[in-house]
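# Inside the fold
Here are the chains, one letter per residue:
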Amino acid sequence: MASWVYDPHSGGMKIPVRVKEPIKQRILTYAAEHYAGKYNRIDVHFRGKFCYIDAYLEPEVPAENFNEEFYGCTREERIEFLRTVPTHLCRLRYSGDTEKWAMAFYTYSNNKYEPCVFNNGTFKGTPEEAFESSAMYLQ
């Protein structure tokens, strides 16, 4: 006898156009209220059933011992380049309820998104809870 197992990190449905802008604004508002000054800008974009949240941070490039030969540019050019590189915070999976999304962290050790639980201990949460859970990259 086969048994059915619920997997919040599979399936999902395309995010409707009418949902995208309100969700984006919720995330941006939450970020501004709770993490102002920790990022240069937040990018929220959508593809199919996924909502991606990226942060652009102010890079730390110490002036002492900066090696122009190694980087092939000046310290200022390196800083400008790094300002254009996103820090992937998380990916949300839409299943039809704007208050219950599944989340995956971007793991830099594997260069891919990995399913995870929210800080509330469940596999479903709001976009704001997802931002809070992934804000560890903003510290």
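Below you will find a few notes about this structure.

## Thoughts on the overall build of the protein
Of the regular secondary structure elements, the protein holds four helices and five strands. Counting helices and strands in the order they occur from the N terminus, the protein gives α-β-β-α-α-β-β-β-α. Each principal axis of the C-alpha atoms in the protein carries an extent, and together these give about 65 × 35 × 25 Å. Within the protein, buried positions represent 37% of all 139 residues. Just so you have it, the protein exposes about 8,600 Å², and 52% of that area is on carbon and sulfur atoms.

## Regarding the nonpolar core
Membership of the largest hydrophobic core comes to 26 residues, with the highest contact counts inside it found for I42, I53, L92, F131 and L138. Elements that contribute at least two residues to this core include exactly α1 (17-35), β1 (41-47), β2 (50-56), β3 (87-93), β4 (102-107) and α4 (127-134). A total of six residues in this core trace back to one element, the largest contributor, which is α1. Once you skip the residues sitting within four places of it in the chain, L138 turns out to touch Y35, K38, Y39, A55, L57, L89 and F131.

## Some thoughts on the environment of Y6
With respect to the helices and strands, Y6 occurs in the segment before α1. Distance in space between the C-alpha atoms of Y6 and E80 is 45 Å, their sequence separation being 74 residues.

## Some remarks on the packing of α1 against α4
Their axes nearest at 9 Å, the elements α1 and α4 cross at an angle of 45 degrees. In this view, α1 runs oblique relative to α4, as classed from their interaxial angle. Of the two elements, α1 crosses α4, and the hand of that crossing is right-handed. Contact residues: α1 offers I23, R26, I27, Y30, A31 and Y35, while α4 offers P127, E128, F131 and E132.

## Some points on α1
Compared with the 27 Å implied by 1.5 Å per residue over 19 residues, the 27 Å span of α1 between its first and last C-alpha is a close match. Listed as buried for α1 are V19, I23, I27, Y30, A31 and Y35. The arc enclosing the buried residues of α1, seen along the axis, measures out at 100 degrees, which places them on a common side. More than 90 degrees from the buried face of α1, the exposed residues found are V17, R18 and E33. For α1, the secondary structure elements touched by its buried residues are β1, β2 and α4. Looking one or two places after α1, you find G37, whose phi comes out positive at around 90 degrees.

Conventions used here
Residues numbered from 1 in each chain as written. Predicted model: local features only at pLDDT ≥ 70, side-chain atom pairs only at ≥ 80, totals over all residues. Heavy atoms only, no water. Helix = DSSP H or I, 4+ residues; strand = E, 2+ residues; numbered from the N terminus. Buried < 20%, exposed > 50% of the residue type's maximum accessible area, 1.4 Å probe, protein only. Areas by Shrake-Rupley, 256 points an atom, 1.4 Å probe, with all protein chains shown as cover. Core = buried A, V, L, I, M, F, W, Y, C linked by side-chain atoms within 4.5 Å. Contact = heavy atoms within 4.5 Å. Axes fitted to C-alpha atoms, helices over the stretch in contact; angles between N-to-C directions. Parallel < 35°, antiparallel > 145°, perpendicular 65-115°, else oblique. Left-handed = near helix turned anticlockwise from the far one by under 90°. Expected span 1.5 Å × (residues − 1). Arc of directions from axis to C-beta.

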